[in-house]
Amino acid sequence: MAEESKAEQAEKRLRFAMKAIGEQELPTELLVDIVGRAENELEKQTEDPDLVSIQELKPAIEKASADYGKMSAEAISTGLTIIDKMIGGLKPAEVTMICANPNVGKSWLCSDMAIFCAYQVPTLFITLEMRAEMLGARMKIYIDKLLELKPDEDWTQDCDMYFQKAKTLDYRNIKKLFDVASSKGIKAVFLDYLQYLGVGMEAKEMAKISRMFHELALIYNIPIVIVASLR
């Protein structure tokens, strides 16, 4: 199959966007013209290529090194020693991806890590694969085992966990959810799972959404853990 041209790719993206917001169909020529103008503007705003020496960057590097040491000190434990040793815990402004084939335990791993985090800091679990109450039932099994609670003890005590109210989300309204989470003091976010944020989720769309989460981690200075299925 012949590779799509830039214009064809742009047309597909725009038609998908229009369908999502309920716009009327527009002629292909107009769509291509819009995309062409947008790409030209982006090219004008692109910085000129240049180089910078390590000596010039020395002050910034030394500051970043100090900041990274501080981030390591502020890392949140996942509750799993082997993972903490591998990645140094969950650090502010970093994204951790849990990727594997379907039905191998990604969601279990993610929820167990989230529970352990919720006993350290306010934690948001964005659950798109199952309802919050069903996920909560799964989490209760882990909490009962973790804390060895008696039947009459409150298993939610000291567990600072939140879930989104919306049953479905897409990547266009994730930023609003992070704004709300920030206002509530959320310090860690888990997402299960990435593919439910888009339609089709081709490689380019996956890359775009992954980049968006890296930006959100930097903006809100929190760790984000994302489950993604390999298909």
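Details of the structure are given in the entry above.
Please read all numbers here as calculations on a predicted model, not as lab measurements.

1. Let's talk about the overall build of the protein
A tally of regular secondary structure across the protein gives eight helices and five strands. In the protein, the succession of α and β elements from N to C terminus is α-α-α-α-β-α-β-α-β-α-β-α-β. A total of 231 residues make up the protein; the buried ones form 35% of that total. Taking the intrachain contacts of the protein between residues at least 6 apart in sequence as the baseline, contacts between residues at least 24 apart amount to 72%. Accessible area of the protein: about 15200 Å², with a carbon and sulfur share of 57%.

2. Here we look at the sheet that holds strand E2 (residues 123–127)
The sheet built from five strands is open, its strands ordered E1-E5-E4-E2-E3 with parallel pairing. Unpaired on one side and paired on the other, strand E1 (95–100) and strand E3 (161–163) mark the two borders of the sheet. Within the sheet, the average angular offset between the axes of one strand and its neighbour, ignoring direction, is 20°. Where E2 lies against E3, three bridges are found, and the strand directions are parallel. Note on E3: the bridge partner recorded for Leu124 is Tyr162.

3. Concerning the packing of aromatic side chains
Per the counting criterion, the structure on display carries four aromatic pairs. Taking the centre distance of 6.3 Å and the plane angle of 5° together, the rings of Phe125 and Phe190 count as stacked. Of this pair, Phe125 sits in strand E2 while Phe190 sits in strand E4 (residues 188–192); the two residues are 65 residues apart in sequence, bridging distant segments of the chain. A single burial state applies to Phe125 and to Phe190, both of which are buried. Site record: aromatic cluster; members linked through ring pairs are Phe178, Phe213 and Tyr220. A cation over an aromatic ring shows up here: Arg138 above the ring of Trp108, its NZ or CZ 4.3 Å from the ring centre.

4. Side note on the pairing of strand E5 (residues 224–229)
Burial analysis of E5 places six of its six residues in the buried class, the great majority of the element. Burial of the side chains of E5 extends over both faces: Ile224, Ile226 and Ala228 are buried on one face and Val225, Val227 and Ser229 on the other. Of the strand pairs in this sheet, E1 and E5 are connected by six bridges, and their pairing is parallel. Bridging from a neighbouring strand, Met97 pairs with Ile226 of E5.

5. Description of the pattern of salt bridges
As enumerated under the stated definition, the model contains three salt bridges in all. Taking the shortest distance from any N to any O, the salt bridge between Arg131 and Glu133 comes out at 2.8 Å. With a shortest N-O distance of 3.1 Å, Lys175 and Asp179 are connected by a salt bridge. In this pair, Lys175 and Asp179 are both assigned in helix H7 (residues 174–183), four residues apart and thus about one turn of the helix distant.

6. A short note on helix H5 (residues 106–118)
With 13 residues, H5 ought to run about 18 Å at 1.5 Å a step, and its terminal C-alpha atoms sit 18 Å apart, in line with that. Most of H5 sits out of view: 10 of its 13 residues are buried. When we look at burial in H5, the residues that qualify are Lys106, Ser107, Cys110, Ser111, Asp112, Met113, Ala114, Ile115, Cys117 and Ala118.

7. Topic: unusual backbone geometry
Omega for the peptide link from Asp192 to Tyr193 comes to -5°, which places this bond in the cis form. Turning to its location among the elements, Tyr193 is positioned in the loop between E4 and helix H8 (203–220). One non-glycine residue, Ala93, lies in positive phi territory at about 70°. In this structure, Ala93 sits in the loop between helix H4 (81–87) and E1. For Asn103, which is not a glycine, the phi torsion comes out positive at approximately 60°. Looking at the secondary structure, you find Asn103 in the loop between E1 and H5.

Rules behind the numbers
Residues numbered from 1 in each chain as written. Predicted model: local features only at pLDDT ≥ 70, side-chain atom pairs only at ≥ 80, totals over all residues. Heavy atoms only, no water. Helix = DSSP H or I, 4+ residues; strand = E, 2+ residues; numbered from the N terminus. Buried < 20%, exposed > 50% of the residue type's maximum accessible area, 1.4 Å probe, protein only. Contact = heavy atoms within 4.5 Å. Areas by Shrake-Rupley, 256 points an atom, 1.4 Å probe, with all protein chains shown as cover. Pairing = 2+ DSSP bridges. Axes fitted to C-alpha atoms, helices over the stretch in contact; angles between N-to-C directions. Phe/Tyr/Trp six-rings, centres within 6.5 Å; stacked < 30°, edge-to-face > 60°. Lys NZ or Arg CZ within 6 Å of the ring centre and 35° of its normal. Salt bridge = Lys/Arg side-chain N within 4 Å of Asp/Glu carboxyl O. Expected span 1.5 Å × (residues − 1).

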